[in-house]
Amino acid sequence: MSTSEHGHRSNRELNRLAITATVHCLTGCAIGEVLGMVIGTALGWGDVPTILLAIGLAFVFGYSFTVVPLLRSGLALGAAVSIALAADTISITVMEIVDNAIMLLVPGAMDAGLDNGLFWGALAVALAVAFVVTVPVNRALIRRGKGHAVVHRLHD
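Owing to the predicted nature of the structure, the values given are computational and were not obtained by experimental measurement.

**Considerations on helix H4 (residues 77–105)**
- Helix length check: H4 (29 residues) gives 39 Å between terminal C-alpha atoms against 42 Å at 1.5 Å per residue, within 8%.
- Most pronounced at Asp-88, the bend in H4 amounts to some 45°.

Shown next as structure tokens:
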């Protein structure tokens, strides 16, 4: 589907694709975020190294959820990585900014232990808000033939 054809999708179709793309992004980000927060908290790291680990892992898992299926479809590694970077970078970045900002804004959330409901509650709220903020970002990207529209062109 050409870029101009993406502009003619119905609002319903754009919303569906944006939600699907954001769920995809949230899955990778959530795995990376939770793993990074758990590792950093368990090791007693401070906020900055814990958040940097969580962000790094969120990007790794987020990109891998695009790269692996593309590799399975027969695409070369370089092409798959290039498509993942184009499709996911903005979405993951927005999600990471929002969820980490919320974790830092909730008093005591970053210092709460893994056995503390505050930690898990704040992380759940942070990811939920990040999802809501990222859906319109993905919608705008897809409408312009960017973001996950790049991946969808391979499947159309």
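On we go.
**Things to note about the nonpolar core**
- By size, the foremost hydrophobic cluster in this structure holds 29 residues, and its most contacted members are Cys-29, Met-37, Ile-92, Met-103 and Phe-119.
- Residue assignment for this core shows that the elements contributing at least two residues are helix H2 (11–42), helix H3 (47–72), H4 and helix H5 (117–143).
- Of the residues forming this core, the biggest block, nine residues, is contributed by H4.
- Every residue in contact with Met-37, bar those within four places of it in the chain, is listed here: Thr-50, Ile-51, Ala-54, Asn-100, Met-103, Met-110, Leu-114 and Phe-119.

**Description of H2**
- In this model, H2 (32 residues) spans 44 Å end to end at C-alpha, consistent with the 46 Å of a helix rising 1.5 Å per residue.
- One or two residues past the end of H2 sits Gly-44, with phi positive at roughly 70°.

**Observations regarding the packing of H3 against H4**
- Their axes nearest at 8 Å, the elements H3 and H4 cross at an angle of 145°. In the packing of H3 onto H4, the handedness of the crossing is right-handed.
- Per-class residue counts for the contact of H3 with H4 are 17 nonpolar, five polar and three charged.

**Here we look at the environment of Leu-114**
- Locating Leu-114 in the fold gives a position in the loop between H4 and H5.
- Leu-114 sits in the partly exposed class, given a relative accessible area of 32%.
- Between the C-alpha atoms of Leu-114 and Ile-39, which are 75 residues apart in sequence, the distance is 9.7 Å.
- Non-local contacts of Leu-114, meaning those with residues more than four positions away in its chain, are made with Met-37, Val-38, Thr-41, Ala-42, Phe-119 and Trp-120.

**Re the confidence of the model for the protein chain**
- On average, residues of the protein chain score 87 in pLDDT, and 88% of them are at 70 or above.
- The least confident element of the protein chain is helix H1 (residues 3–6), whose mean pLDDT is 43; the most confident is H5, at 93.
- Below a pLDDT of 50 lies the segment residues 1–7, which in the model reaches 13 contacts outside its immediate sequence neighbourhood of four places, other chains included.

The rules behind the values
- Residues numbered from 1 in each chain as written.
- Predicted model: local features only at pLDDT ≥ 70, side-chain atom pairs only at ≥ 80, totals over all residues.
- Heavy atoms only, no water.
- Helix = DSSP H or I, 4+ residues; strand = E, 2+ residues; numbered from the N terminus.
- Expected span 1.5 Å × (residues − 1).
- Bend = angle between axes of the 7 residues up to and from the residue.
- Core = buried A, V, L, I, M, F, W, Y, C linked by side-chain atoms within 4.5 Å.
- Buried < 20%, exposed > 50% of the residue type's maximum accessible area, 1.4 Å probe, protein only.
- Contact = heavy atoms within 4.5 Å.
- Axes fitted to C-alpha atoms, helices over the stretch in contact; angles between N-to-C directions.
- Left-handed = near helix turned anticlockwise from the far one by under 90°.
- Nonpolar A, V, L, I, M, F, W, Y, C, P; charged D, E, K, R; others polar.
- pLDDT = per-residue confidence, 0-100.

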